[in-house]
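# Observations on the model geometry
Chain by chain, the residues:
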Amino acid sequence: MMYVSYERNGAVGWVREDLKGKQKEFCMCWDCSKFAPDQDDKGCQIIHAVLTLAAEKNIVLPVWECREFDEK
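Let me begin by describing the structure that accompanies this report. (Residues numbered from 1 in each chain as written. Predicted model: local features only at pLDDT ≥ 70, side-chain atom pairs only at ≥ 80, totals over all residues. Heavy atoms only, no water.)

### Details of the nonpolar core
Listed in full, the nine residues of the largest apolar core are Cys27, Met28, Cys29, Cys32, Phe35, Cys44, Ile47, Val50 and Val63. Excluding residues that lie within four positions of it along the chain, Cys29 makes contacts with Phe35, Ile47 and Val63. (Core = buried A, V, L, I, M, F, W, Y, C linked by side-chain atoms within 4.5 Å. Buried < 20%, exposed > 50% of the residue type's maximum accessible area, 1.4 Å probe, protein only. Contact = heavy atoms within 4.5 Å.)

Right under this line is the structure:
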């Protein structure tokens, strides 16, 4: 695996090159009937907490496992 640096919001970070920019492709929330990306709470307490942490720490956190998942 190769890791590359990137800059976002004035901060430098690291990402696995093969996964950069693929959060939506890998995050299972996009296939969940509860996920409402345009709502402030995202329609789900779990993804709301994940996205709040991601924004606070300036990181990307795709969801790969979830106990609340409801397939569309």
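Further notes follow.
### Considerations on empty space enclosed by the protein
All told, the structure shown has one cavity of 30 Å³ or more when counted by the stated rule. Roughly 90 Å³ of internal volume is contained in the largest cavity. Contributing to the lining of the largest cavity are Met28, Cys29, Cys32, Lys34, Phe35, Cys44, Ile46, Ile47, Cys66, Glu68 and Phe69. Residues belonging to the lining of the largest cavity are distributed by class as follows: nine nonpolar, no polar and two charged. (1 Å grid on protein atoms, 1.4 Å probe; cavity = no way out; pocket = protein on both sides within 12 Å on 5 of 7 lines; lining within 4 Å. Points joined across faces, edges and corners; volume = space filled by probe spheres on them. Nonpolar A, V, L, I, M, F, W, Y, C, P; charged D, E, K, R; others polar.)

### Re unusual backbone geometry
Located in the positive-phi region is Asn9, a residue other than glycine, with phi close to 55°. A relative accessible area of 68% places Asn9 in the exposed class. With a phi angle near 60°, Asn58 is a residue other than glycine that sits in the positive phi range. Within the secondary structure layout, Asn58 lies in the segment after α2 (45-57). (Helix = DSSP H or I, 4+ residues; strand = E, 2+ residues; numbered from the N terminus.)

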